[in-house]
Amino acid sequence: MEFNNQIALVTGGSRGIGKGVAKELASQGAHVLINYVNNQTEAERTLGEIEESGGCGRIVRFDVSDFKEVQSSISELSQELGGIHILINNAGVEMAACDIGSIGEQDWDHILDINLKGIFNCTKAVSRGMLKNRYGKIVNITSLSGEFGKKGQAGYSASKAGIIGFTKSTAKEFSARGITVNAVSPGFVDTELLTRLPVDVKRRYLDLIPVGRFGSVEEISSVVCFLVSEGASYITGEVIKVNGGFYM
């Protein structure tokens, strides 16, 4: 199996894309650490589905935006498990649409702390062991909003654009030590967030997607898992668009 005996940490791994990635990695032999912060029930449900399919893992609680908590939690996990080989920086939040004049400082800080600082916190903690072992695979989940900007979503778009710059910089920094860093940029994916959109809004988006449908969690997960496989060892610093042709 592709990831047999490897430890994979998936932040925000209890639902949506994170859940799909965790299940796919586990199906290919990885021992998956399912990170969550609030909903333990969903994390346990995800782990249960993985175990029912013959995979293995555990749930791990820490807030990706809390620097000290992340460093402590990942240090303990690395010592116990002998290191973390794969890191999927997936945890993120989206804010309600509003113009820049209406965004409060607290809302701005909240979304940047989770979406961007969270990736810094986790990458900094996990990369210590990867650099020592001269091996590691990191994939950051960004968004098409970070590539072309989204009206009424300055905070979200800024955080996701920052992930792209962070990905390219760390890829250059880590490449000589056997660590690849890439990003996946999903378009409109059939998750809980999409179901909240009004029907007329979803129809307008569908008209703009050349393939004529929304993406699936499984389609995103398969790309993420390819990027952390040995078959992608010569790919680093890339942003892979998975959006059905919505933005090229």
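Residues numbered from 1 in each chain as written. Predicted model: local features only at pLDDT ≥ 70, side-chain atom pairs only at ≥ 80, totals over all residues. Heavy atoms only, no water.

**Notes on the overall build of the protein**
Line of reasoning, step 1. Each helix and strand counted, the protein has nine helices and seven strands in total.
Line of reasoning, step 2. A globule of 248 residues ought to have a C-alpha radius of gyration of about 18 Å, and the protein, at 17 Å, matches this closely.
Line of reasoning, step 3. In terms of overall dimensions, the protein has a C-alpha envelope of 50 × 40 × 40 Å along the principal axes.
Line of reasoning, step 4. Here the protein, with 248 residues, has 47% of them falling under the buried criterion. (Helix = DSSP H or I, 4+ residues; strand = E, 2+ residues; numbered from the N terminus. Rg over C-alpha atoms; globule rule 2.2 N^0.38 Å. Buried < 20%, exposed > 50% of the residue type's maximum accessible area, 1.4 Å probe, protein only.)

**A word on the state of the cysteines**
Line of reasoning, step 1. Inspection of every chain in the model, using the stated rule, returns zero disulfides.
Line of reasoning, step 2. Of the cysteine sulfurs around Cys-225, a residue in no disulfide, the closest is that of Cys-56, at 14 Å. (Disulfide = S-S within 2.5 Å.)

**Looking at the packing of helix 1 (residues 16-27) against helix 9 (residues 217-227)**
Line of reasoning, step 1. Axis separation between helix 1 and helix 9 bottoms out at 8 Å; the angle between their running directions is 55°. Judged by the inter-axis angle, helix 1 sits oblique to helix 9. Crossing handedness for the pair helix 1 and helix 9: right-handed. Contact with helix 1, carried on its side by Gly-16, Ile-17, Gly-20, Val-21, Glu-24 and Leu-25, involves Val-217, Ile-220, Ser-221, Val-224 and Cys-225 of helix 9 and no other residues of that element.
Line of reasoning, step 2. Looking at the contact of helix 1 with helix 9, its residues break down into seven nonpolar, three polar and one charged. (Axes fitted to C-alpha atoms, helices over the stretch in contact; angles between N-to-C directions. Parallel < 35°, antiparallel > 145°, perpendicular 65-115°, else oblique. Left-handed = near helix turned anticlockwise from the far one by under 90°. Contact = heavy atoms within 4.5 Å. Nonpolar A, V, L, I, M, F, W, Y, C, P; charged D, E, K, R; others polar.)

**Observations concerning the packing of aromatic side chains**
Line of reasoning, step 1. Per the counting criterion, the structure on display carries six aromatic pairs.
Line of reasoning, step 2. Centroid distance Phe-67 to Phe-120: 6.2 Å. Interplanar angle 20°. Geometry classified as stacked. Placement of the pair is Phe-67 in helix 3 (residues 67-81) and Phe-120 in helix 4 (residues 105-133), with a sequence separation of 53 residues.
Line of reasoning, step 3. The exposure class assigned to Phe-67 is partly exposed, which follows from its relative accessible area of 31%.
Line of reasoning, step 4. Taken together, Phe-148, Phe-188, Tyr-205, Phe-214, Phe-246 and Tyr-247 form an aromatic cluster joined through their ring pairs. (Phe/Tyr/Trp six-rings, centres within 6.5 Å; stacked < 30°, edge-to-face > 60°.)

**Structural notes on the pairing of strand 2 (residues 31-36)**
Line of reasoning, step 1. For strand 2, the buried fraction is high: five of the six residues fall into the buried class.
Line of reasoning, step 2. Of the strand pairs in this sheet, strand 1 (residues 7-10) and strand 2 are connected by four bridges, and their pairing is parallel. Bridge pairing in strand 2 links Val-10 to Ile-34.
Line of reasoning, step 3. Relative to strand 3 (residues 56-61), strand 2 runs parallel, the two sharing six bridges. Paired with Asn-35 across the strands is Val-60, a residue of strand 3.
Line of reasoning, step 4. In the classification by handedness, the crossover that spans strand 2, the intervening helix 2 (residues 40-52) and the parallel strand 3 is right-handed. (Pairing = 2+ DSSP bridges. Right-handed = clockwise from strand over helix to strand, strands pointing away.)

**Quick notes on helix 1**
Line of reasoning, step 1. The terminal C-alpha atoms of helix 1 lie 17 Å apart, and with twelve residues this matches the ideal 16 Å at 1.5 Å per residue to within 8%.
Line of reasoning, step 2. Where helix 1 ends, the next residue or the one after it, Gly-29, has phi of about 105°, a positive value. (Expected span 1.5 Å × (residues − 1).)

**Some details on helix 4**
Line of reasoning, step 1. Here helix 4 contains 29 residues, and its C-alpha end-to-end distance of 40 Å stays within 8% of the 42 Å for a straight helix at 1.5 Å per residue.
Line of reasoning, step 2. Where helix 4 bends most, the angle comes to about 40°, and this point is Lys-117.
Line of reasoning, step 3. Just downstream of helix 4, Arg-134 is the residue with a positive phi angle, here 55°. (Bend = angle between axes of the 7 residues up to and from the residue.)

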